[in-house]
Amino acid sequence: MTVCMGTTTVGRWHAERTAVADGGRTVTVLSFGAAAGRRAQELVGSFAGTRVDWLRLPPDWTQIASDVLDLRLAAARVGWRLVLVGAEAPVLAAQARAQGAGLLDAEILAEVVDGGGPDADIRSVHCAHCATVHLAAVVVGGLTRCPECAADLIVYHHLSRRTGAYLGYMNDAEECP
């Protein structure tokens, strides 16, 4: 499946890199895994005159990462900004969690260091049939099996920022009675 980058909701990680909205007094940087460390360090250094809190987390989105982010979100005040650096799946999960807690797009800088986009290796897939989300090593347009309902899913080029997952729908849905 060819992805039309003009109409897809798949992140354009390199093109979308911008500074976190002006007016931030404090910044929390969450980096996922050692591979994100170099870019996170560059970002930490770029926030001159701003209080920066840098937390190095495991490479995957885990309960520990979720708890750490929840603590930071609970303590957030006006002027706080969030920077997320890492592979696509944990960055999207953290971004969805932060937006669910009320952060605006302008208050979050998300940077995927593995390239992201339609050819990334590991991504979160939302099954349209049983409403579960699972991680899969699949490209956009590829097939994966839902571990919950066993449906063979096409990974569509729709990325939900609310769930942090790509839409997966049944491969042969049109042929089923």
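Use the structure listed above.
Keep in mind the model is a prediction, meaning the values are calculated, not measured. (Residues numbered from 1 in each chain as written. Predicted model: local features only at pLDDT ≥ 70, side-chain atom pairs only at ≥ 80, totals over all residues. Heavy atoms only, no water.)

**Looking at the environment of Leu135**
Here comes step 1: Tracing the backbone shows Leu135 in strand β6 (residues 133-137).
Here comes step 2: Residue Leu135 is classed as exposed on the basis of its relative accessible area of 56%.
Here comes step 3: Sequence separation between Leu135 and Ala89 is 46 residues, and the spatial gap between their C-alpha atoms is 7.9 Å.
Here comes step 4: The contact partners of Leu135, leaving out residues within four places of it in the chain, are Ala89, Ile122, Arg123 and Ser124. (Helix = DSSP H or I, 4+ residues; strand = E, 2+ residues; numbered from the N terminus. Buried < 20%, exposed > 50% of the residue type's maximum accessible area, 1.4 Å probe, protein only. Contact = heavy atoms within 4.5 Å.)

**As for helix α1 (residues 37-46)**
Here comes step 1: For α1, the complete set of buried residues consists of Gly37, Ala40 and Leu43. Angular distribution of buried residues about the axis of α1 spans 125 degrees; they occupy a single face of the element. Among the exposed residues of α1, those oriented more than 90 degrees off its buried face are Arg38, Gln41 and Gly45.
Here comes step 2: Those residues of α1 that are buried are in contact with β1 (26-32), β2 (51-57), β3 (80-86) and β4 (108-112). (Arc of directions from axis to C-beta.)

**Quick notes on the pattern of salt bridges**
Here comes step 1: Here the structure, examined in full by the defined rule, presents seven salt bridges.
Here comes step 2: For Arg39, the salt bridge is made with Glu42, and the minimal N-O distance between the two is 2.8 Å. Highlighted residues: Arg39 and Glu42, both in helix α1, separated by three residues, approximately one helical turn.
Here comes step 3: Glu42 gets classed as partly exposed once you look at its relative accessible area, which sits at 43%.
Here comes step 4: Arg123 is the partner of Glu88 in a salt bridge, and the nearest nitrogen-oxygen pair spans 3.3 Å. With Glu88 in helix α3 (residues 88-100) and Arg123 in strand β5 (residues 122-127), the pair connects residues that are 35 residues apart, well separated along the chain. No difference in accessibility class separates Glu88 from Arg123, as the two residues are buried. (Salt bridge = Lys/Arg side-chain N within 4 Å of Asp/Glu carboxyl O.)

**Some points on helix α2 (residues 63-75)**
Because the α-helix completes a turn every 3.6 residues, residues three or four places apart line up on one side.
Here comes step 1: If you check α2, its first and last C-alpha atoms are 18 Å apart, about what 13 residues at 1.5 Å a residue would give, namely 18 Å.
Here comes step 2: Among all positions of α2, only Ala65, Ser66, Val68, Leu69 and Leu73 are buried. Relative to the axis of α2, the buried residues are bounded by an arc of 160 degrees and lie together on one face. α2 presents Gln63, Ile64, Leu71, Ala74 and Ala75 as exposed residues on the side facing more than 90 degrees away from its buried surface. (Expected span 1.5 Å × (residues − 1).)

**Here's the deal with the sheet that holds strand β9 (residues 165-170)**
Here comes step 1: What the five strands build is an open sheet, ordered β6-β5-β9-β8-β7; its pairing is mixed. The open sheet has two edge strands with one neighbour each: β6 and β7 (143-145). Between one strand axis and the next, the sheet turns by 50 degrees as a mean value, whatever way the strands run.
Here comes step 2: Across the sheet, α3 lies against β5, β6, β8 (152-160) and β9, angled at about 50 degrees from β5, the strand it touches most. (Pairing = 2+ DSSP bridges. Axes fitted to C-alpha atoms, helices over the stretch in contact; angles between N-to-C directions.)

**A short note on the sheet that holds β4**
Here comes step 1: In spatial order, the strands read β2-β1-β3-β4; together these four strands make up an open sheet with parallel pairing. Pairing within the sheet leaves two strands with one partner each, and these edge strands are β2 and β4. When strand polarity is set aside, the average angle formed by the axes of neighbouring strands in this sheet is 15 degrees.
Here comes step 2: Where β3 and β4 come together, five bridges link them in parallel fashion. What sits directly across from Val85, in β4, is Glu111.
Here comes step 3: Against the sheet, α1 makes contact with β1, β2, β3 and β4, and its axis sits at roughly 175 degrees relative to β2, the strand it touches most.
Here comes step 4: Running at roughly 165 degrees to β2, α2 makes contact with β1, β2 and β3 of the sheet.

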